[in-house]
Amino acid sequence: MTEKRADAAAARHPSSAVRRRTSRRGPGWGPTLVLLGPVVLLELAVLFAPLIYLAVQSMHDWQPGAESPFVGWDNYAELFVDPQFWEVVVNQVVFLLGLPLWVVAPLIVAYLLREHVARPGLWRSVYFLPAVMSPAIVGLVFRSLLSTGGPLDSFFTSIGLPQLALPWLTDATLVKPVIIVLVLWAGFGTGVLIFASALGAVPQEIFEAARLDGAGFWREFWDIAVPSIRPAVALWTMFQIISIFLFMFSWIYVLTGGGPGLASATLDFAIYQKFMRFGFFGSAAAESVVLVIMIVFVAVIGLLVQRAARAAAGRVGRATKEEGSINVGLRGADAAFSDPSGRSA
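What comes next concerns the included structure.

Definitions and cut-offs
Residues numbered from 1 in each chain as written. Predicted model: local features only at pLDDT ≥ 70, side-chain atom pairs only at ≥ 80, totals over all residues. Heavy atoms only, no water. Salt bridge = Lys/Arg side-chain N within 4 Å of Asp/Glu carboxyl O. Helix = DSSP H or I, 4+ residues; strand = E, 2+ residues; numbered from the N terminus. Phe/Tyr/Trp six-rings, centres within 6.5 Å; stacked < 30°, edge-to-face > 60°. Lys NZ or Arg CZ within 6 Å of the ring centre and 35° of its normal. Patch = residues over 30% accessible without salt bridge, like charges linked within 9 Å, V, L, I, M, F, W, Y side chains within 5 Å. Areas by Shrake-Rupley, 256 points an atom, 1.4 Å probe, with all protein chains shown as cover. 1 Å grid on protein atoms, 1.4 Å probe; cavity = no way out; pocket = protein on both sides within 12 Å on 5 of 7 lines; lining within 4 Å. Points joined across faces, edges and corners; volume = space filled by probe spheres on them. Nonpolar A, V, L, I, M, F, W, Y, C, P; charged D, E, K, R; others polar.

**Quick notes on the pattern of salt bridges**
Pairing between side chains of opposite charge can happen when their charged atoms approach one another. Scanning the entire structure with this criterion turns up three salt bridges. Notably, a salt bridge pairs R211 with E220, separated by 3.2 Å at the nearest N-O pair. With a closest N to O distance of 3.7 Å, D223 and R219 form a salt bridge. Here D223 pairs with R219, and both are found in helix α12 (residues 217–228), just four residues apart, close to one helical turn.

Structure representation (structure tokens):
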């Protein structure tokens, strides 16, 4: 009866019924656009407008403040046949090889600090200390420590290990591994904090049940801890990939200046050199566009891999659940056809 009266009232006053339905659905898109509009416009003005300007100028023989004739794809053609460009790209790939170390090392330490170490808060603070230091200052310190004949080489010589007194920053073979280790040291604490926060949200009962089932340290780490914080691992991995392309400049500039030769140069450092030192503005703009495309490509690949891993984990979970249901059904059927003494009928 109540529903019939409501329908009759809606028929007599349709506008009021529409207002009630609208209010029930929510305020609509108006407030959302008002709140997000300025942020989106600021993002477009600060980020995308300069990118579009660079993309346009990469098609010109760009001379700031002077006439810049249109040259089409010539800047890109010259860039892709330049052996120095490909040497820098190889350097970038080598730095990407340090990604597993940059992800796994803080993850293991965060897991150890979870319950295997006394005063974990103190250790997190100690690990995070390098992250608040300026890369320029840290780079100057390590450049002094690792210089040929510097304090580190003198230390190895004094303890009878002169074979370890190596040209850490002036040898083309050593310089990239050294930079990988230094970048790990600098960002280690941030990764530890992110993973420690994610692990703190995982229920303790899961780990206790695993230990009761006989799981060791590594099985508990890889099979329980890592899958439980997969979003945090993906976030940190993506951040590290972007950092390799965009935030290596300060380390390269202070530690090695891209040397020896171009053995430690990265794309952002090479762009800086072309633009600020040599005045190849059009080529620098083209290389900037290529850098942005590479970052987008790697980010998309990472997202696709993450989605595929999530889908695979979902399929495994469903298969495990179905297998458990089948086992329960089989045990129930077996019990139904057994006599009270436990023998089959």
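Let's pick the thread back up.
**So, the packing of aromatic side chains**
Remark: the centre distance and the inter-plane angle together describe each pair of aromatic rings, the angle taken between the planes. Taken as a whole and assessed by the stated rule, the structure comprises 27 aromatic pairs. Consider the rings of W218 and F221, whose centres lie 6.0 Å apart with planes at 90°: the pair is edge-to-face. Placement of the pair is W218 and F221 together in helix α12, with a separation of three residues, close to one helical turn. For R114, the ring lying beneath its charged end belongs to F207, and the centroid distance is 3.9 Å.

**Thoughts on a nonpolar patch on the surface**
A cluster of nonpolar residues, L35, L36, V40, L41, L42, L44, V46, L47, F48, I52 and V56, forms a patch on the protein surface that exposes about 1100 Å² of accessible area. Relative to the elements of secondary structure, L42 occurs in helix α3 (residues 30–57).

**Notes on empty space enclosed by the protein**
Tallied over the full model, the rule gives one cavity of 30 Å³ or more. What the largest cavity holds in volume is close to 30 Å³. Every residue lining the largest cavity is listed: W102, P106, V183, L184, G187, F188, W236 and Q240. Of all elements in the fold, only α6 (99–115), α10 (175–200) and α13 (230–246) reach the threshold of two or more residues within the lining of the largest cavity. Broken down by element, the lining of the largest cavity gets its largest block of residues, four residues, from α10. Tallied by class, residues from the lining of the largest cavity come to six nonpolar, two polar and no charged.

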